Amino acid sequence: MTRGNASLRFGGFARRAGLALAAAALAWQHGCSSQPSSIAPLAWEKVAGPGPNGSVLGLDSPGTFDEVGNFTISAFKDGATYRLYYGGADVGDCPGINNSHWRIGLATSDDGLHWTRVKGSKTGGSIVDNGTTFDSYLTYRPFVLKDGSLYRMWYNGSTKPFNDCHAPAGQSPLANDRRIGYAESPDGLNWTKKNDGPGEGGSVLALGPTGSFDAQQVGYVWVIKDTNDYKMYYSANDATNTWRVALAISTDGRTWTKKPGKLSRTPAVLDLGSAGQFDAACAYQPSVVKESDTLYRMWYRGCEAPSPLGGPSGGTIGYAESNDGITWIKMNGGGPNGAAVGKGVAPQFDSGGLTTPSVFLDGDLWKMYYAGFDTKGQFLTGLAQASRR
């Protein structure tokens, strides 16, 4: 369980991947979800930023859309400029971000560490506001793909607050109706929603049938353009509020066909880990990089146990590999309990857990931007790096 070298030779990886997949199919029958390898994992190191408690992006001023927290991020390098798209929370009438409205913002940087917010024309300086259908309360978790001259964005939308402290007794306070929205932009700043899909309110994906692994919610998307097709890795949520990673494929980036995985006990492409593993309760929020024709890499959020209210809690970042983008093998990430990146220690901004990794290659460095939260529920953005080797 120690794979991670980013410069594997194609033939060597193909041979090892074939062995790993064969071994994984056998091991899955015995309840194991990852396989050993002789290659050392990437050595991730957190980079202390200029924000509060080591974060790279702090809070904005009162009256802005992100004065309470920034969360659920997507980052990439666009020419010489780093772009960070993120969800921001305003002041609600419950503690922290629980009853906040969330909207989407943008920050840019010349060095990837020091960020400047780019004020949008929407509420509180946001660039994408709440809508009137499936995204009327929460509009967040942007994933942005620069596709030629067009910027494409997929995002989470919900009609309910994240965790409603005013929920009636006996009713779950958690939002349970997340859907995937879509928008386009010519410049990465000014966005137009294009919600004409088959899901609720024109959202991108329809839910699965009753009893399926994506029957309750879909969201937390990552999209790659893979030769002539687009692959959408989306987070699928069932009636027990359990999250996994699923796959849909498109030829145009607009019309999607769900594609089942091969090794999972469900149609997911990445399932939960076994009891006691860092991802036994959730495995979702994927970040996927196709490094070569035979090496796809995925980083994802794992939860060891559900929260008292159900759904995910805490969070560390796990790692998996694939040679086709469909069949994924979990690998030892080199961190705590096999994760790639673990939570910090108090009072660091990520001492409570990590979410939404966003990974890309920047020269000889892998960069992972992620949202972290402390033990008081404050959400901010951080950075970890690893040598490509």
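Preceding this paragraph is the structure being described.
First things first, this report covers the structure right here in the doc.

Attention shifts here to the sheet that holds strand 16 (residues 316-322). Reading across from one edge, 14-15-16-17 is the order of the four strands in this open sheet, with antiparallel pairing throughout. At either end of the open sheet lies a strand with only one pairing partner, and these are strand 14 (282-292) and strand 17 (329-331). The mean angle between the axes of side-by-side strands here comes to 30 degrees, regardless of whether they run parallel or antiparallel. Both strand 15 (residues 295-303) and strand 16 contribute to a ladder of seven bridges, which runs antiparallel. Each residue of the ladder has a partner; that of Gly302, found in strand 16, is Thr316.

A word on the sheet that holds strand 1 (residues 45-47). In a beta sheet, neighbouring strands are held together by backbone hydrogen bonds and run either parallel or antiparallel to one another. Across the sheet, four strands lie side by side as 1-20-19-18; this open sheet has antiparallel pairing. Only two strands of the sheet have a single neighbouring strand rather than two, namely strand 1 and strand 18 (353-362). Averaged over all neighbouring strand pairs, the angle between strand axes comes to 30 degrees, with direction disregarded. As paired strands, strand 19 (residues 365-373) and strand 20 (residues 379-387) are joined by nine bridges and run antiparallel to one another. Of the residues in strand 20, the one forming a bridge with Phe373 is Phe379.

Moving on, we come to the state of the cysteines. Counted according to the given criterion, the structure contains two disulfides. Sulfur-sulfur distance for the disulfide between Cys94 and Cys165 comes to 1.7 Å. Taking the sign of the S-S torsion, -80 degrees for the link of Cys94 and Cys165, the bridge is left-handed. Of the two residues, Cys94 sits in the loop between strand 3 (81-89) and strand 4 (102-109) while Cys165 sits in the loop between strand 7 (150-158) and strand 8 (179-185), which places them 71 residues apart along the sequence. The class for Cys94 is buried, based on a relative accessible area of 7%.

Attention shifts here to the pattern of salt bridges. Enumeration according to the criterion identifies 27 salt bridges in this entry. The closest approach of N and O atoms between Arg117 and Asp66, which form a salt bridge, is 2.8 Å. Of the two residues, Arg117 sits in strand 5 (residues 116-118) while Asp66 sits in the loop between strand 1 and strand 2 (69-78), which places them 51 residues apart along the sequence. What makes Asp66 buried here is its relative accessible area of 0%. For Lys258, the salt bridge goes to Asp214, with nearest N and O atoms at 2.8 Å. Pair noted here: Lys258 is in strand 13 (residues 257-259) and Asp214 is in the loop between strand 9 (192-193) and strand 10 (217-226), with a separation of 44 residues, a long-range link.

With that settled, the discussion passes to unusual backbone geometry. Only a minority of non-glycine residues have a phi that is not negative, and only a minority of peptide bonds are not trans. The step from Ala346 to Pro347 runs through a cis peptide bond, and the omega angle for that step is 10 degrees. Its location among the elements puts Pro347 in the loop between strand 17 and strand 18. Positive phi, normally seen in glycine, also occurs at Thr227, with a value near 60 degrees. As for its position among the elements, Thr227 is in the loop between strand 10 and strand 11 (229-237). The exposure class assigned to Thr227 is exposed, which follows from its relative accessible area of 62%. One non-glycine residue, Asn241, lies in the positive phi region at around 65 degrees. Position of Asn241 relative to the elements: it lies in the loop between strand 11 and strand 12 (243-250).

Tracing the backbone through its elements, the reader meets Asn237 in strand 11. What makes Asn237 buried here is its relative accessible area of 0%. Looking at Asn237, its side chain comes within polar contact range of the side chain of Asn241, at 2.9 Å. Discounting chain neighbours no more than four positions away, the residues touching Asn237 are Phe213, Asp214, Ala215, Gln216, Gln217, Thr242 and Trp243.

Now for the nonpolar core. In terms of nonpolar packing, the biggest core is built from 37 residues, with Trp154, Met232, Tyr233 and Tyr234 touching the most fellow members. Counting only elements with at least two residues in this core, the list comes to strand 6 (138-147), strand 8, strand 10, strand 11, strand 12, strand 14 and strand 15. Excluding its chain neighbours within four sequence positions, the residues that come into contact with Met232 are Trp154, Ile180, Val204, Leu205, Val221, Trp222, Val223, Ala246, Leu247, Ala248 and Trp256. The next biggest cluster of nonpolar side chains, apart from the first, holds 19 residues, and it includes Val289, Trp299, Val359 and Trp366.

Cut-offs and rules
- Residues numbered from 1 in each chain as written.
- Predicted model: local features only at pLDDT ≥ 70, side-chain atom pairs only at ≥ 80, totals over all residues.
- Heavy atoms only, no water.
- Pairing = 2+ DSSP bridges.
- Helix = DSSP H or I, 4+ residues; strand = E, 2+ residues; numbered from the N terminus.
- Axes fitted to C-alpha atoms, helices over the stretch in contact; angles between N-to-C directions.
- Disulfide = S-S within 2.5 Å.
- Buried < 20%, exposed > 50% of the residue type's maximum accessible area, 1.4 Å probe, protein only.
- Salt bridge = Lys/Arg side-chain N within 4 Å of Asp/Glu carboxyl O.
- Polar contact = N/O pair within 3.5 Å; in protein donor to acceptor, adjacent residues only side chain to side chain.
- Contact = heavy atoms within 4.5 Å.
- Core = buried A, V, L, I, M, F, W, Y, C linked by side-chain atoms within 4.5 Å.

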